[in-house]
Amino acid sequence: MTSKLKVNILADGGDNAILTSDGSGSLTINNAALTNRFSFHAYRASNQSISSTTFTKVTFTNELFDPDGVFDLSNSRFKPTVLGKYLICASANISGGLDGSADSMDMYIYQYDNSASGNVTRLQRSIGDVASGINGGISGSVIVDYTDLNDYYELACWQNGGSGRNIVGDSDGKNTFFCGFKLI
């Protein structure tokens, strides 16, 4: 025999709601929804060229998920709809390797405000540690405090390994991706 306890509101001794449910499966604790974390995962399904010594915005072609519509695929930017702290992660795989000890590849997250100026965070740098002709990747993450609903985030890469290199895309979103979710 299975027992069930059915409640719409669980309250503390002061009659303050601690846990609520609207009957649809959504659960809220202390007025914070557990089902809506403003998460996304966008990726490149094909290669993208990056010229030498040029900051290049990474454009994303597909999403694995974006239940709340916080990633604008047409502009390749993350634009949260709720203020708070977010964890943003990214990875970029470069084809052809870095040929010398002075060659490097950098990956940046740009935070733009309404006037198209803002903060830049270098997530990671790979310096000459990938053999010529072999693909190598860099990845990184950052926690951002999203305090202005006009701001948005984009990913860019830079490399100085000679002629243009490709950011490697794939069909399952594991080589070059941009993802994140709301922490608090």
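What this report covers is the structure whose coordinates are included nearby. Just so you know, these numbers come straight off a predicted model, no measurement behind them. (Residues numbered from 1 in each chain as written. Predicted model: local features only at pLDDT ≥ 70, side-chain atom pairs only at ≥ 80, totals over all residues. Heavy atoms only, no water.)

Some thoughts on the overall build of the protein
When you go through the protein residue by residue, the secondary structure sums to zero helices and 17 strands. When each of the 184 residues of the protein is scored for burial, the buried share is 39%. Taking the contacts inside the protein whose residues are at least 6 apart along the sequence as the reference set, 69% of them involve residues at least 24 apart. Carbon and sulfur atoms provide 49% of the accessible area of the protein, an area that totals close to 9,800 Å². (Helix = DSSP H or I, 4+ residues; strand = E, 2+ residues; numbered from the N terminus. Buried < 20%, exposed > 50% of the residue type's maximum accessible area, 1.4 Å probe, protein only. Contact = heavy atoms within 4.5 Å. Areas by Shrake-Rupley, 256 points an atom, 1.4 Å probe, with all protein chains shown as cover.)

Observations regarding the packing of aromatic side chains
Enumeration over the complete set of coordinates arrives at 15 aromatic pairs. Where Phe60 meets Phe71, the ring centres are 6.0 Å apart and the plane angle is 80 degrees; that geometry is what we call edge-to-face. Taken as a pair, Phe60 in the loop between β7 (56-57) and β8 (62-65) and Phe71 in strand β9 (residues 71-72) lie far apart in primary sequence, eleven residues in all. Each member of the pair Phe60 and Phe71 is classed as buried. Note on Tyr108 and Tyr110: the rings are 6.4 Å apart at their centroids and 45 degrees apart in plane angle, and the pair reads as tilted. Accessibility assignment for this pair places Tyr108 and Tyr110 in one class, buried. An aromatic cluster is built from Phe40, Phe60, Phe71, Phe78, Tyr86, Tyr146, Tyr153 and Phe178, whose rings are joined through pairwise contacts. (Phe/Tyr/Trp six-rings, centres within 6.5 Å; stacked < 30°, edge-to-face > 60°.)

Quick notes on the pairing of strand β17 (residues 177-182)
For β17, the tally of buried residues reaches five of six residues, placing the bulk of the element in the interior. Pairing geometry for strand β5 (residues 40-43) and β17, over four bridges, is antiparallel. Each bridged residue has a counterpart across the sheet, and for Ala42 the counterpart in β17 is Phe178. Inspection of the sheet shows strand β11 (residues 84-94) paired to β17 by six bridges, in the antiparallel sense. For Tyr86, the partnering residue across the bridge sits in β17 and is Lys182. (Pairing = 2+ DSSP bridges.)

Regarding the pattern of salt bridges
A full pass over the atoms with the stated rule returns four salt bridges. Among the salt bridges present, the one from Arg77 reaches Glu154, with a minimum N-O distance of 3.1 Å. Of this pair, Arg77 sits in strand β10 (residues 77-78) while Glu154 is found in strand β15 (residues 152-159), placing the two residues 77 residues apart along the sequence. Here Asp145 makes a salt bridge to Lys85, at a shortest N to O gap of 3.4 Å. Placement of the pair is Asp145 in strand β14 (residues 136-146) and Lys85 in strand β11, with a sequence separation of 60 residues. Residues participating in the shared-partner salt-bridge network are Lys57, Arg77 and Glu154. (Salt bridge = Lys/Arg side-chain N within 4 Å of Asp/Glu carboxyl O.)

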